[in-house]
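Spelled out, the chains give:
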Amino acid sequence: MSTREPVFVIGNPRSGTTLLRLMLTCHPAICIPPEAGFALWLEPDYADWQKNDSRLPAFIQALFDSRKFETWELDRDSLTEDILRKAPASYAALVDCIYAHYASHHKPDWKLWGDKNNFYLAHITRIHRLFPGARFVHIIRDPRDVACSYLELRDSNDGSDYRPRLPVEIGQVAEEWLENIKQIESGLAAVTSNQTHCLRFEDLVSQPADTLIALCEFLGESFDPLMLNYHKENAALQLEPSDFLSWKRLTLSPPQTSRAGRFREDLDKESAKLIVSLT
């Protein structure tokens, strides 16, 4: 499998994208680092990258200055040497070098790298242009449960600079969810159907093995039971950076079936009805 065919996890915020990332990255052949959006952020300045480009020092500085990239904990000199050795001849190849470098330091037998970032939902076309062979996995969650998660995030605010800023007014939550789903569907419509896979959060938490078996088949890999132990691996290896865990603490627990349909207990009936009417 070529490293030019990465997998991108796409979804509305609070829809299980981190859960899915962790499950995937616990597969021996798949490596998906913590989210960092440098690949698209730096593209405008380096889209015309050429082999042995003299801008490498400037690029490396911009890369290490990128928000959240520090969570990858890579050595600057080692990464620079790797890029010099591989001499990528395009921006896509340059990005590939960085992910491959990360993967090689975490999994000796890796074959597929990936990425997860809710920011990407509005940039599927750009990603597809950069990596024409990329696969996209869209995870979708009931908007009423998404609203519960948004409210929960507000109520547990720890002041972290990394914490997402999300609406909490019910009408705004519903409208944002609908707009995001439309953007995702529009972006994926331009991608060949055999490069896209959609799954439901509710299925992932209630039938994780079956859901992951289907996903692995899409990715051309065999299902590995280690994927179901993501919570143990996360606790042991800190797969999700500690700075993110205050609002992603459930990644330290096995799948919570109670998180599907939680709106029946956590959301008042009028709010639930309003969400249904707007979506």
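What counts, and where the lines are drawn
- Residues numbered from 1 in each chain as written.
- Predicted model: local features only at pLDDT ≥ 70, side-chain atom pairs only at ≥ 80, totals over all residues.
- Heavy atoms only, no water.
- Buried < 20%, exposed > 50% of the residue type's maximum accessible area, 1.4 Å probe, protein only.
- Helix = DSSP H or I, 4+ residues; strand = E, 2+ residues; numbered from the N terminus.
- Pairing = 2+ DSSP bridges.
- Disulfide = S-S within 2.5 Å.
- Expected span 1.5 Å × (residues − 1).
- Polar contact = N/O pair within 3.5 Å; in protein donor to acceptor, adjacent residues only side chain to side chain.
- Arc of directions from axis to C-beta.
- Contact = heavy atoms within 4.5 Å.
- Core = buried A, V, L, I, M, F, W, Y, C linked by side-chain atoms within 4.5 Å.
- Phe/Tyr/Trp six-rings, centres within 6.5 Å; stacked < 30°, edge-to-face > 60°.
- Lys NZ or Arg CZ within 6 Å of the ring centre and 35° of its normal.
- Salt bridge = Lys/Arg side-chain N within 4 Å of Asp/Glu carboxyl O.

Chemist: Tell me about the pairing of strand β4 (residues 135-140), and name the residues and values.
Modeler: Most of β4 sits inside the fold, with five of its six residues counted as buried. One ladder, built from four bridges, connects strand β1 (residues 7-10) with β4; its direction is parallel. Each residue of the ladder has a partner; that of F8, found in β4, is F136. Note that β4 and strand β5 (residues 196-200) share five bridges and pair parallel. Directly across from I139, in β5, lies its bridge partner L199.

Chemist: I'd like a description of the state of the cysteines, backed by residues and values.
Modeler: For the coordinates displayed, the defined rule picks out zero disulfides. In this structure C198 is not part of a disulfide, and its nearest cysteine sulfur, from C216, lies 17 Å away.

Chemist: Explain helix α9 (residues 170-189) residue by residue, including any values.
Modeler: Look at α9: 29 Å from first C-alpha to last across 20 residues, which is about the 28 Å you get at 1.5 Å a residue. Within α9 the residues assigned to the buried category are I170, G171, V173, A174, W177, N180, I181, I184, G187 and L188. Put simply, E169 is the residue that caps the front of α9, since its side-chain oxygen is 3.1 Å from the backbone nitrogen of G171.

Chemist: So what about the side chain of D53? Which residues, and what values?
Modeler: Note that D53 resides in the loop between α3 (43-46) and α4 (56-65). In this structure the side chain of D53 is engaged in a polar contact, spanning 2.9 Å, whose partner is the side chain of R55.

Chemist: Describe in detail helix α5 (residues 76-86), supporting the description with residues and values.
Modeler: Where α5 is concerned, the buried positions are L79, T80, D82 and I83. Looking down the long axis of α5, one finds its buried residues gathered within 160° of arc, a one-sided arrangement. Seen from the buried face of α5, the exposed residues on the opposite side, beyond 90 degrees, are D77, E81, L84 and R85. Contacts from the buried residues of α5 go to α4 and α6 (91-104). Here α5 starts with a cap whose side-chain oxygen sits 3.3 Å from the backbone nitrogen of D77, and that cap is D75. A87, located one to two residues past α5, shows a positive phi value of around 45°.

Chemist: How would you explain the nonpolar core if you had to name every residue and give the values?
Modeler: Of all hydrophobic cores here, the largest spans 43 residues; its most connected members are F38 and F59. Only β1, α2 (38-41), α4, α5, α6, α7 (124-130) and α9 provide two or more residues apiece to this core. With 10 residues, the top contributor of residues to this core is α6. Among all residues touching F38, those that are not within four sequence positions of it are L63, S66, F69, W72, Y91, I98 and Y99. By size, the runner-up hydrophobic cluster in this structure holds 24 residues, among which are V7, L19, M227 and Y230.

Chemist: Report on the packing of aromatic side chains, specifying residues and quantitative values.
Modeler: By the definition in use, this model includes 18 aromatic pairs. Pairing F8 with Y120 gives two aromatic rings, centres 5.9 Å apart and planes at 75°, and the pair type is edge-to-face. Taken together, the residues span a long stretch of sequence, with F8 in strand β1 and Y120 in the loop between β3 (112-116) and α7 at a distance of 112 residues. Each of the two residues, F8 as well as Y120, counts as buried. For the cation-ring pair, R76 lies above F64, with the distance from its terminal atom to the ring centre recorded as 4.6 Å. The ring of F201 has R141 lying over it, and the distance from NZ or CZ to the ring centre is 4.2 Å.

Chemist: Mind laying out the pattern of salt bridges, listing which residues take part and the relevant values?
Modeler: Taken as a whole and assessed by the stated rule, the structure comprises 16 salt bridges. E240 is the salt-bridge partner of R21, the closest N and O atoms lying 2.7 Å from each other. On the criterion of sequence distance, the pair formed by R21 in helix α1 (residues 17-25) and E240 in the loop between α12 (230-237) and α13 (263-266) is long-range, its members being 219 residues apart. With relative accessibility at 2%, the residue E240 sits in the buried group. One salt bridge in this structure joins R262 and E152, with 3.4 Å as the shortest N-O distance. Highlighted residues: R262 in the loop between α12 and α13 and E152 in helix α8 (residues 143-155), separated in sequence by 110 residues. Look at R262 and you get buried, because its relative accessible area is 9%.

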